[in-house]
Each structure stands twice: as C-alpha cells, then as structure tokens.
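The chain contents come next:
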Amino acid sequence: MTRSSLILSIVCATSLAFAAETPNEEPYQTVVKVNKSKETLLESTRSIENKNSEDLLEEQPSSLPDALRQSAGVHLQETNRGSGAPIIRGFIGPQNGIRIDGIRFNTSTFRTGPNQYLALNSPYALSRVEILRGPSSVLYGNGAMGGIIQLFTTDFTQSELRKIAVSHQSADNGGGVHALFSEDLGNLSYVGSIGGQLHGILRSGANNYQAHSSYEKGNWLGKARYQINDTWDITTAYLGTTLQNAGRTDKLGSGDIRFYSNDDHLAYIRSHHRFNGVLKEIEATLFFHRLDETVHRYSCSTTTLNDTTTVSNLSGCVELDKGEVTKERIYEDNVDSAGGQLDSR
C-alpha cells in the first residue's frame with residue numbers, strides 16, 4: 001500500500017568525546033519568548049527549558065527523545081527503540097509542536113498517538129534545544145496545545161571548529177561517531193555535521209535479549225551563510241536523516257511484528273534583514289520537507305482460548321519462520337511539504 005501527499009503551507013507571524021575548543025558563549029542563554037523576540041532565560045515569563053550543545057555532548061544521549069528524558073514536565077512514550085514521543089503536560093503526538101530553525105516539522109500525516117518522528121533529529125547536530133511548556137497555538141498555530149520543542153541546528157562560529165564525538169553502549173554493543181566542522185571565511189560562513197549510529201540487540205542484566213531491538217541511523221547537516229552587507233544576509237541549509245529497521249514488538253503476544261524505516265529531508269533558504277527603526281528585523285524563509293516511511297508488518301498464526309488471542313508459536317514468530325507468518329504487508333508513505341514563512345520583529 002502506497003500513499004503520497006503534498007502539503008503547501010504559508011505561515012506569517014509578527015513579533016567517550018574528543019573536542020576542539022568551542023567558541024565563547026553568551027553569559028545568558030538566549031531563548032525565544034511569546035512575541036518571538038529574543039530574551040534571556042532570566043527575563044522569560046514562560047516555562048522554558050534550554051539545553052545547549054555542551055549539555056547534549058556531556059549527556060551522550062542515544063537519541064533526541066533520550067536527551068529530553070530528564071526535562072521537567074516532559075515524559076516519553078517509547079513503544080520501540082528508535083522512537084520516542086514526547087508527552088508535554090499530558091499532550092502527545094501532533095498536539096505538541098516541533099520546529100527546526102523556526103520551521104514547522106510536524107505534518108498533517110503525523111499519527112495522533114505516539115510516533116517516532118522526533119527521533120529522526122540528531123542531538124549532535126544541534127546548538128540548543130528549547131522546550132516551551134504550555135499552550136502556544138496563538139503564536140505557533142495549531143498543534144501546539146501541550147507545548148513547543150524548538151530545535152536549533154549548529155550555529156556558525158567566528159573561528160575554525162573541528163569536533164568529533166565517539167560513543168559506545170554496552171547494553172547492546174552499539175556505538176556511534178559524530179563529526180562537526182565550521183569555519184568563517186569572511187562574508188561566507190559554513191557549518192557541517194555527519195554522524196552514524198549502530199544499535200545491536202538490547203540485553204538486560206540477566207542476559208535476556210529484547211527481540212528485534214536493533215536498528216541503524218545516520219544523519220547529516222550542511223549550512224552556509226553569505227553576508228551581503230552589514231544589514232542583509234542569506235542562509236541556506238539541508239538536513240537529512242535515515243533510520244532503518246527499527247523493530248516494534250509490543251504486540252508480539254498477539255502475533256504482530258513491525259519494522260519501521262524512515263528517510264527525512266529538510267531544506268530551506270532564508271533572507272534576513274536588519275533595520276534601525278521600529279521594525280528591527282524581517283526574515284523571509286522558503287522551505288521544502290520530505291518524509292518517507294516504510295513499514296513492514298508481519299502477522300503470525302494465533303490461537304484463541306476464552307476470548308483471549310495469543311500467538312501459537314512465540315519463538316517461531318520471533319524468528320519470522322515462514323510456517324508461522326500468515327501475512328506480510330508493506331506500507332509506504334511519502335509526504336512532501338513546501339511553504340514559506342515571513343517573520344518580523
């Protein structure tokens with residue numbers, strides 16, 4: 001079964017690790033407040049949490065949802081590895097907004113329940129993560145009843161930057177490597193990031209293994225900014241992620257096994273003008289977002305006793321033996337979103 005969707009949107013708003021030296025940071029972390037102007041965490045009247053790149057590097061999260069695990073007011077629903085749906089103040093799925101560099105990441109095809117899409121973003125390609133708790137639909141549109149998770153990709157630096165992060169986890173004998181580079185060439189600045197993770201079968205302390213818990217993930221980022229003059233610059237960026245063979249076995253007892261694979265691509269170009277009058281800034285952004293999802297679903301033979309349905313041969317179903325699999329289906333979804341945003345401050 002294959003489905004393809006095209007979404008057009010126009011949004012207008014007023015308002016182990018080895019690292020090279022990192023650039024100096026501002027004394028207070030900057031966040032975006034209700035009217036989308038900049039302020040510090042101390043000045044903000046909203047319930048906001050901010051994680052910068054050093055926090056993410058120190059925590060060494062296996063995924064972006066994992067990096068939010070200790071955030072106040074945020075819970076995670078993880079049906080399977082390689083996923084992680086944030087629950088903000090009781091709201092889940094598309095009831096919470098996700099934005100990347102100010103661009104809406106949610107699409108109308110996001111499932112109304114838990115979904116894995118936040119995990120498609122790598123914490124190692126971000127300069128910071130902001131969690132805005134509480135309803136924000138007036139500012140950010142529909143899909144922001146619980147809150148907003150804002151992801152900001154790695155920013156440009158005023159000096160050359162090279163950074164490599166290497167991780168390993170013994171629970172599944174998996175690991176990953178992530179590389180980051182950035183340089184300022186005068187009017188032209190660029191930043192790039194590339195990484196990959198391999199996750200094996202998850203093993204508990206009693207040497208019990210979780211079936212179909214392995215998966216692979218890769219991500220990349222390229223971003224460049226050209227300074228036309230003192231008040232005008234243009235930025236373009238491309239982010240990509242591939243997540244393959246993430247198994248889901250929460251319904252194994254009833255003979256249902258699924259494998260999820262996703263490819264995500266987001267590209268944008270942004271023109272930023274600064275003024276000295278009442279109007280301080282104008283940003284005009286054009287973007288394109290493509291999300292591909294493939295689901296392999298297997299059904300195994302079952303037996304029913306006292307109105308309770310259970311899998312007939314558990315080990316045979318886990319191994320996907322041909323004699324036990326009664327049905328195999330493949331679902332494909334391809335969603336293209338294109339649009340523009342105009343922000344003024």
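Small disclaimer: the values here were computed from a predicted structure and weren't measured.

Scoring rules and cut-offs
- Residues numbered from 1 in each chain as written.
- Predicted model: local features only at pLDDT ≥ 70, side-chain atom pairs only at ≥ 80, totals over all residues.
- Heavy atoms only, no water.
- Helix = DSSP H or I, 4+ residues; strand = E, 2+ residues; numbered from the N terminus.
- Buried < 20%, exposed > 50% of the residue type's maximum accessible area, 1.4 Å probe, protein only.
- Areas by Shrake-Rupley, 256 points an atom, 1.4 Å probe, with all protein chains shown as cover.
- Pairing = 2+ DSSP bridges.
- Polar contact = N/O pair within 3.5 Å; in protein donor to acceptor, adjacent residues only side chain to side chain.
- Contact = heavy atoms within 4.5 Å.
- pLDDT = per-residue confidence, 0-100.
- Salt bridge = Lys/Arg side-chain N within 4 Å of Asp/Glu carboxyl O.
- Phe/Tyr/Trp six-rings, centres within 6.5 Å; stacked < 30°, edge-to-face > 60°.
- Lys NZ or Arg CZ within 6 Å of the ring centre and 35° of its normal.
- Disulfide = S-S within 2.5 Å.
- Core = buried A, V, L, I, M, F, W, Y, C linked by side-chain atoms within 4.5 Å.

Visitor: Looking at this structure, how should I read the overall build of the chain?
Guide: When helices and strands are counted, the chain shows 4 helices and 21 strands. Buried positions account for 46% of the 345 residues belonging to the chain. Of the roughly 17100 Å² that the chain leaves accessible, carbon and sulfur atoms contribute 54%.

Visitor: Just checking my understanding: could you explain the sheet that holds strand β10 (residues 126-133) for this structure?
Guide: Backbone-to-backbone hydrogen bonds pair the strands of a sheet. The strands run either parallel or antiparallel. As summarised here, the arrangement of the 5 strands in space is β5-β10-β11-β8-β9, forming an open sheet in which the pairing is mixed. The strands lining the two open edges of the sheet, one partner per strand, are β5 (47-52) and β9 (103-104). Pairing between β5 and β10: 6 bridges, direction antiparallel. Residue pairing across strands places N52 opposite R128, the latter belonging to β10.

Visitor: Would you mind showing me how to read the side chain of E283 here?
Guide: Here E283 shows up in strand β18 (residues 281-300). On the basis of relative accessibility, which here comes to 14%, the residue E283 falls in the buried class. A polar atom in the side chain of E283 sits 3.4 Å from the side chain of R345. Residue contacts for E283: discarding those within four places in its chain leaves R270, S271, H272, Q341, L342, D343 and R345.

Visitor: Is there a simple way to explain the confidence of the model for the chain in this structure?
Guide: Detailed reading of the predicted coordinates is not advisable wherever pLDDT is low. Here the chain averages 83 in pLDDT, while 83% of its residues score no lower than 70. The low-confidence segment residues 9-27, where pLDDT is below 50, has 43 contacts with residues more than four positions distant or belonging to other chains.

Visitor: I'm lost on the pattern of salt bridges in this one. Help?
Guide: Oppositely charged side chains are able to pair whenever their charged atoms sit close together. For the coordinates displayed, the defined rule picks out 18 salt bridges. Ionic pairing is found between R274 and D233, a salt bridge with its closest N-O pair at 2.8 Å. Residue R274 is found in strand β17 (residues 256-274), and its partner D233 is found in strand β16 (residues 232-248); the two are separated by 41 residues along the sequence. Judged by its relative accessible area of 27%, R274 falls in the partly exposed class. Judged by its relative accessible area of 6%, D233 is buried.

Visitor: Quick question: what am I supposed to make of the packing of aromatic side chains here?
Guide: In this description, a pair of aromatic rings is defined by centroid distance and the angle of the planes. Tallied over the full model, the rule gives 2 aromatic pairs. Measuring from ring centre to ring centre gives 6.1 Å for F259 and Y298, while their planes differ by 85 degrees; the resulting arrangement is edge-to-face. Here F259 is found in strand β17, whereas its partner Y298 is found in strand β18, with 39 residues between them in sequence. When sorted by exposure, F259 lands in the same class as Y298, which is buried. In this structure, R128 packs its charged tip against the face of F152, placed 4.0 Å from the ring centre. Of note, K223 hangs over the ring of F156, and the distance from its end group to the ring centre comes to 5.2 Å.

Visitor: Explain the state of the cysteines here, please?
Guide: Each disulfide is one covalent bond, formed between the sulfur atoms of two cysteines. Within the structure shown, the criterion is met by 1 disulfide. With its sulfur 2.1 Å from that of its partner, C300 forms a disulfide with C317. Between C300 and C317, the S-S dihedral sits near 80 degrees, and the bridge is therefore right-handed. Remark: C317 occurs in helix α4 (residues 314-318) and C300 occurs in strand β18; sequence separation between them is 17 residues.

Visitor: I'm lost on the nonpolar core in this one. Help?
Guide: Core analysis: the largest hydrophobic core is formed by 30 residues, its most contacted members being L64, L68, L118, V129, I149 and L151. Contributions of two or more residues to this core are made by α2 (64-67), β8 (96-100), β10, β11 (147-153), β15 (215-229), β16, β17 and β18. If you tally residues by element for this core, the top one is β16, at 4 residues. Among all residues touching L151, those that are not within four sequence positions of it are L64, I98, R99, I100, D101, L118, N121, L126, R128 and V129. Counting residues in hydrophobic clusters, the runner-up holds 8 residues, among them I257, F259, V311 and V318.

Visitor: What exactly am I supposed to notice about the pairing of strand β19 (residues 302-305) here?
Guide: Moving residue by residue along a regular strand, the side chains alternate between the two faces of the sheet. Inspection of the sheet shows β19 paired to strand β20 (residues 308-311) by 4 bridges, in the antiparallel sense. Bridge pairing in β20 places L305 opposite T308. Following β19, the chain reverses through 2 residues before pairing antiparallel with β20; N306 in that reversal takes a positive phi of roughly 55 degrees.

Visitor: Just to check I follow, could you spell out unusual backbone geometry for this structure?
Guide: For residues besides glycine, phi is generally negative; the peptide bonds are generally trans as well. In this structure, N245 is a non-glycine residue whose phi angle is positive, near 60 degrees. Here N245 lies in strand β16. In this structure, N306 is a non-glycine residue whose phi angle is positive, near 55 degrees. Looking at N306, the relative accessible area reads 68%, which means it is exposed.

Visitor: Would you explain the side chain of R81 in this entry?
Guide: Inspection of the secondary structure assignment puts R81 in the loop between β6 (74-77) and β7 (85-88). A distance of 2.8 Å separates a polar atom in the side chain of R81 from a polar atom in the side chain of D172. At a separation of 3.0 Å, a polar atom in the side chain of R81 contacts the main-chain carbonyl oxygen of G200. Not counting the four nearest positions on each side in its chain, R81 is found in contact with D172, H199, G200, L202, S213, Y215, A246 and G247.

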